[in-house]
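# Observations on the three-dimensional arrangement
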Amino acid sequence: MTTMILALLLGTASTPAPTADTLRSAAARTGRDVGAAVGPHLLDEPSYRTVLAREFSVLEAENVMKFGPIHPRPGSDPSAFDFEGSDRLIEFAKANRMKARGHALIWHNQNPTWVEKGNLGIVELNEAFEGHIAAVVGRYKGRIYAWDVVNEAFADDGTLRHTVWYDRPGIGLADQGTAYIERAFRLARKADPRCKLFYNDYGIETLGPKADAVYEMLKDFRARKVPVDGIGFQCHFPVEMNKPDVLDSIERNFARFAKLGLEIHITELDIRVKDGSVASLQAQADFYGKLTELCMRQPKCKLFQTWGFTDRYSWVPRFFRGTGWALLFDENYQKKPSYDAVLKALGGKPKSDPELGDRKR
Ligand code: XIL
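Residues numbered from 1 in each chain as written. Predicted model: local features only at pLDDT ≥ 70, side-chain atom pairs only at ≥ 80, totals over all residues. Heavy atoms only, no water.

### Section: the packing of helix 7 (residues 122-139) against helix 8 (residues 179-191)
For the pair helix 7 and helix 8, the least separation of the axes is 8 Å and the interaxial angle reads 35°. Here helix 7 and helix 8 pass one another in a crossing that is right-handed. Contacts between helix 7 and helix 8 involve N126, F129, E130, I133, A134, V137 and G138 on the former and, on the latter, Y180, R183, A184, L187, A188 and A191. Per-class residue counts for the contact of helix 7 with helix 8 are 9 nonpolar, 2 polar and 2 charged. (Axes fitted to C-alpha atoms, helices over the stretch in contact; angles between N-to-C directions. Helix = DSSP H or I, 4+ residues; strand = E, 2+ residues; numbered from the N terminus. Left-handed = near helix turned anticlockwise from the far one by under 90°. Contact = heavy atoms within 4.5 Å. Nonpolar A, V, L, I, M, F, W, Y, C, P; charged D, E, K, R; others polar.)

### Focus: the side chain of S338
Along the chain, S338 turns up in helix 13 (residues 337-345). The exposure class of S338 is buried, given its relative accessible area of 0%. Excluding residues that lie within four positions of it along the chain, S338 makes contacts with L281, Q284, A285, Y288 and L328. (Buried < 20%, exposed > 50% of the residue type's maximum accessible area, 1.4 Å probe, protein only.)

### Details of the pairing of strand 2 (residues 58-61)
Across the two faces of strand 2 the burial is the same, with V58 and E60 and L59 and A61 all buried. Where strand 1 (residues 33-38) meets strand 2, 4 bridges bridge the pair, whose relative direction is parallel. Note on strand 2: the bridge partner recorded for A36 is L59. Bridging between strand 2 and strand 3 (residues 99-102) involves 3 bridges; their strand directions are parallel. (Pairing = 2+ DSSP bridges.)

### Structural notes on the environment of L303
Its location among the elements puts L303 in strand 9 (residues 301-306). Between the C-alpha atom of L303 and that of F185, which follows or precedes it by 118 residues, the distance is 21 Å. Look past the residues within four positions of L303 in its chain and what remains in contact with it is D33, V34, G35, V58, R101, Y145, I264, H265 and I266.

### A closer look at the packing of aromatic side chains
Aromatic ring pairs are defined here through the distance separating the ring centres and the angle between the ring planes. Inspection of the entire model under this criterion finds 20 aromatic pairs. Geometrically, the ring pair formed by F56 and F309 is tilted, given 5.6 Å between the ring centres and 50° between the ring planes. Separated by 253 residues along the polypeptide, F56 in the loop between helix 3 (46-55) and strand 2 and F309 in the loop between strand 9 and helix 12 (316-319) bring together distant segments of the chain. F309 matches F56 in its accessibility class, with the two residues each being buried. Through a chain of ring-to-ring contacts, the aromatic side chains of Y48, F56, F309, Y313, F329, Y333 and Y339 assemble into a single cluster. (Phe/Tyr/Trp six-rings, centres within 6.5 Å; stacked < 30°, edge-to-face > 60°.)

And the structure:
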């Protein structure tokens, strides 16, 4: 509109150039966000920060807010923390009108040596747990809109994972099931009463024992008013998962969590393929599109986030050997067919869309 008025005032272009949608502009019209996991050191790269700010409305730290990186030294006073990388991300988000998402407070991986190998007893571990949540959530109070409070607490069979926080030796709630998870949520709520609090996991996207266990926990939490606002489905998928029955299972699973009143975030989506051929990238685009459509059909699905955004920096080739090419932009920041599929499913108009041309005339 502003461009049109400007053009009229200046007596220039009678046909203002049609602007293509970005992921974030298209998603915004549906009340959703599109996010990406990022690293602060990569912001030094001009293409990285340009594409990030242009396309995404949410950023999440891929690593720097995890316990080990952010809380490398024992104790809970300021000298125990390293907030440099996370501060940088928060500032970038603010400068580019993006929301920041926090990941992850309590997890069994990427903990510091002082927690994992410090032979801490129950009392000290409990202090570490409480001090960590209070300090990290407190620092970004009002600036992080959603936190993954507990990450990956369940094993594949739906039993609780044995971790330093739960029962090795744990914070004093070993053998009490999800009580330690509840404690984490209550502490997070205390530290920021307005932040949305999430439980996040992988392998819970389709119906099955692990998803059932998480469902039962969250149902119980909601019934007892434990402060949990949402569920994060990681979605690290191989392209071979693109099958109607799988998509149907994901959709029905999302629906039951939505019925609990929980907000749904797709938090770590990537779709790995075995090569970068045209056929593979098309197959990948098809799956990306279908997952976006699925999120669009579910009113509680509010965030569509990928784990990184350029194939230049993705954890996939390192962790799933022989695969890669998993994201929406290639190694040179060019949009892939998957990008177009997501944009289309979000209802966005690409630049080359003939309809736009028509409207222009
Ligand atoms: C991964 C990062 O992408 C890697 O860079 C790091 O080496 C290991 O962790 N589930 C999660 C994420 O919740 O934090 C993980 O991130 C990927 C799996």
